[in-house]
Amino acid sequence: MTNFFKILLLVLLPFSTVKAQNTSDSALIRKARLQIYDNPDRTIAIGKQLLKKEHTIKTSIDIYMLLSTANIAKRNFDESLKYILKAKELSQKTNDTKSQVSVLIAAAIQYQQMELFSKSLETLNEADLYLKKLPEHTSEKYGETARSYAIRGMIYKSQSNSEIALEKFLISIQNFERVPLKRTAYSNMSVVYYNIGYCYLNLNQIDRAQQSFLQSIDYARRNQAKSLEAFALKGMAELYKQQHKNQAALDLLTNAEALSKNTGDITLNEGIYKEMADNYLAIGKQDSFQLYNKKFFEMRFQRKQNELVSINHVINEHNKETLVKSEALKSYYNNIQMISVVIGTILIALLSYCIIKIRKQNKMFQKRIQHIIRTS
């Protein structure tokens, strides 16, 4: 399996949402969410339009997360990171646990997609502290728990540990199935089943892999998420390629290419073009192979460029966070030092006072003793 297939599907929509200030804005946000998979440019346009208005902190967080997710859908990690960091900054100004959990998990998804796995796990651990505070048996609790396990599964899958990844993914599915409003979970379940399919494919469990890809297709269609359906078709196509059913694979990939037409998803297109090139090469169609191989390298180059810009942004953010923590520690130790000096000064003063007092008493006792000696 190539390095590309270790790159995982990304868009796990949050369950923790906030209400807009008015009906018009609320309707626009709902409309933008519906287009996040298949027309992320439209979602971004709506989000930027909404940002021009004044909103509550919670609504602003929702808009920033919407923009972040839409940019992830396009694999524009730098823009996505910019918006998720703004959402994270705002979430620290509110006591709304739902928003805090949702923002942190969205940030963890961002880092996972950029293959910054330690940072992703660190952020997930932070999110877990807030997750425990959410009320039991609620959509938010089940949904965010499911997303958290899904990300952990993706990290293990990227590290070629399919067995542990499957454990995490199956816990994720169990929680998604408990979400009362199933429609909000369909797209997420499509993402998880897609990744489960690849885990089974890595373990050479072909029947289970095929069943998982079919489930991914089914859930994608329930929400009319064309790009998710395209991903699942691509997974099925790789399965067929391994069975040397190259024409069947090409038929699925042609369908996937048509479905992904308006998504602008670089990684999806990269994967489709790579698979099409491989299958055309297998059946001896050199012209078609060269065409799609060229497209594959173009998409790959574009993705790598986006990742480089984003990683620079993450490094700068990490340096800022480290500086803030360093300053906090410096302030803490300065305070400890000052307190130590004050306490030390007081102790020295008390000790000095006690010594002087004892000396005076000793002198007094000496005088009395001498007086007693003289008079005896």
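Residues numbered from 1 in each chain as written. Predicted model: local features only at pLDDT ≥ 70, side-chain atom pairs only at ≥ 80, totals over all residues. Heavy atoms only, no water.

A few words on the overall build of the chain. Secondary structure assignment for the chain yields 14 helices and zero strands. The N-to-C order of helical and strand elements in the chain reads α-α-α-α-α-α-α-α-α-α-α-α-α-α. Per-residue burial over the chain gives 48% buried out of 376 residues. If you take every contact in the chain between residues at least 6 apart in sequence, the share linking residues at least 24 apart comes to 67%. Element-wise, carbon and sulfur atoms account for 54% of the exposed surface of the chain, whose accessible area totals about 19,500 Å². (Helix = DSSP H or I, 4+ residues; strand = E, 2+ residues; numbered from the N terminus. Buried < 20%, exposed > 50% of the residue type's maximum accessible area, 1.4 Å probe, protein only. Contact = heavy atoms within 4.5 Å. Areas by Shrake-Rupley, 256 points an atom, 1.4 Å probe, with all protein chains shown as cover.)

Looking at the element boundaries, serine 216 is found in helix α10 (residues 206-222). On the accessibility criterion, serine 216 (0% relative accessible area) is buried. Sequence-distant contacts of serine 216, that is, excluding residues within four places in its chain, are made with Ser190, Tyr193, Tyr194 and Ala232.

This brings us to helix α13 (residues 266-282). For α13, spanning 17 residues, the distance from its first C-alpha to its last is 24 Å, which sits close to the expected 24 Å at 1.5 Å a residue. Here α13 lies mainly inside the structure; 14 of its 17 residues are buried. Looking one or two residues past α13, glycine 284 carries a phi angle of roughly 85°, positive in sign. (Expected span 1.5 Å × (residues − 1).)

Turning to the nonpolar core, a few remarks are in order. Buried together is how nonpolar side chains tend to be arranged in soluble globular proteins. Ranked by internal contacts, the top residues of the largest apolar core, which has 55 residues, are Ile196 and Phe213. Counting residues per element, the ones that place at least two in this core are α7 (139-158), α8 (162-176), α9 (183-202), α10, α11 (226-242), α12 (246-259), α13 and α14 (286-375). Aside from chain neighbours lying at most four places away, what touches phenylalanine 213 is Tyr194, Gly197, Tyr198, Leu201, Ala232, Gly235, Met236 and Leu239. Counting residues in each nonpolar core, the second largest holds 24 residues, with Ala32, Ile61, Ala70 and Ala106 among its members. (Core = buried A, V, L, I, M, F, W, Y, C linked by side-chain atoms within 4.5 Å.)

Moving on, we get to the packing of aromatic side chains. Here the structure, examined in full by the defined rule, presents 10 aromatic pairs. Pairing tyrosine 64 with tyrosine 83 gives two aromatic rings, centres 6.2 Å apart and planes at 25°, and the pair type is stacked. Here tyrosine 83 lies in helix α4 (residues 77-91) and tyrosine 64 lies in helix α3 (residues 57-73), a separation of 19 residues in the sequence. Like tyrosine 64, the residue tyrosine 83 is buried in the burial classification. Consider the rings of tyrosine 194 and tyrosine 198, whose centres lie 5.1 Å apart with planes at 75°: the pair is edge-to-face. A residue pair is termed a helical-turn pair when its members lie 3 or 4 positions apart in one helix, as tyrosine 194 and tyrosine 198 do in helix α9 at four residues. Taken individually, tyrosine 194 and tyrosine 198 each receive the classification buried, so the pair is uniform in this respect. Put simply, the rings of Tyr194, Tyr198, Phe213 and Phe231 pair up and form one aromatic cluster. Lying across the ring of tyrosine 83, lysine 82 places its NZ or CZ 5.0 Å from the centre. (Phe/Tyr/Trp six-rings, centres within 6.5 Å; stacked < 30°, edge-to-face > 60°. Lys NZ or Arg CZ within 6 Å of the ring centre and 35° of its normal.)

With 17 residues, α11 should cover 24 Å at 1.5 Å per step; its first-to-last C-alpha distance of 25 Å lies within 8% of that length. Note on α11: the residue one or two positions beyond its end, histidine 244, has a positive phi of about 65°.

So, about the side chain of glutamate 257. Mapped onto the secondary structure, glutamate 257 falls in helix α12. One buried charged residue, glutamate 257, forms no salt bridge at all, with the nearest opposite charge on lysine 295 at 4.1 Å. Residues within four places of glutamate 257 in sequence aside, it is in contact with Ile272, Tyr273, Met276, Tyr292 and Lys295. (Lys, Arg positive; Asp, Glu negative; His and termini not counted. Salt bridge = Lys/Arg side-chain N within 4 Å of Asp/Glu carboxyl O.)

This part covers the packing of helix α2 (residues 40-51) against α3. Packing of α2 against α3 brings their axes to within 9 Å, and their N-to-C directions diverge by 155°. The angle between the axes of α2 and α3 places the two elements in the roughly antiparallel class. Crossing geometry of α2 relative to α3 is assigned as left-handed. Within the contact between the two elements, α2 uses Pro40, Thr43, Ile44, Gly47, Lys48, Leu50 and Leu51 and α3 uses Ile63, Tyr64, Leu66, Leu67, Ala70, Asn71 and Ala73. Class assignment of the residues belonging to the contact of α2 with α3 gives a composition of 10 nonpolar, three polar and one charged. (Axes fitted to C-alpha atoms, helices over the stretch in contact; angles between N-to-C directions. Parallel < 35°, antiparallel > 145°, perpendicular 65-115°, else oblique. Left-handed = near helix turned anticlockwise from the far one by under 90°. Nonpolar A, V, L, I, M, F, W, Y, C, P; charged D, E, K, R; others polar.)

We now examine a nonpolar patch on the surface. On the surface, Ile339, Val342, Ile343, Ile346, Leu347 and Leu350 cluster together into a nonpolar patch covering about 560 Å² of accessible area. Within the element layout of this structure, isoleucine 343 appears in helix α14. For isoleucine 343, a relative accessible area of 45% gives the class partly exposed. (Patch = residues over 30% accessible without salt bridge, like charges linked within 9 Å, V, L, I, M, F, W, Y side chains within 5 Å.)

Another point: the confidence of the model for the chain. Averaged over all residues, the pLDDT of the chain is 83; the fraction at 70 or higher stands at 87%. pLDDT under 50 marks residues 16-20. Its contacts with residues more than four places away, or in other chains, come to 16 contacts. (pLDDT = per-residue confidence, 0-100.)

Evaluation of the coordinates by the stated rule reveals 12 salt bridges. Between lysine 119 and glutamate 122 there is a salt bridge; the shortest N-O distance is 4.0 Å. Within this pair, lysine 119 and its partner glutamate 122 are both found in helix α6 (residues 117-131), separated by three residues, close to a single helical turn. A relative accessible area of 16% means that lysine 119 is categorised as buried. Taking relative accessible area as the criterion, glutamate 122 reaches 42% and is therefore assigned partly exposed. Where aspartate 218 meets arginine 222, a salt bridge forms, and the shortest distance between an N and an O atom there is 2.9 Å. Pair noted here: aspartate 218 and arginine 222 are both in helix α10, with a separation of four residues, about one helical turn. Given a relative accessible area of 37%, arginine 222 falls into the partly exposed group.

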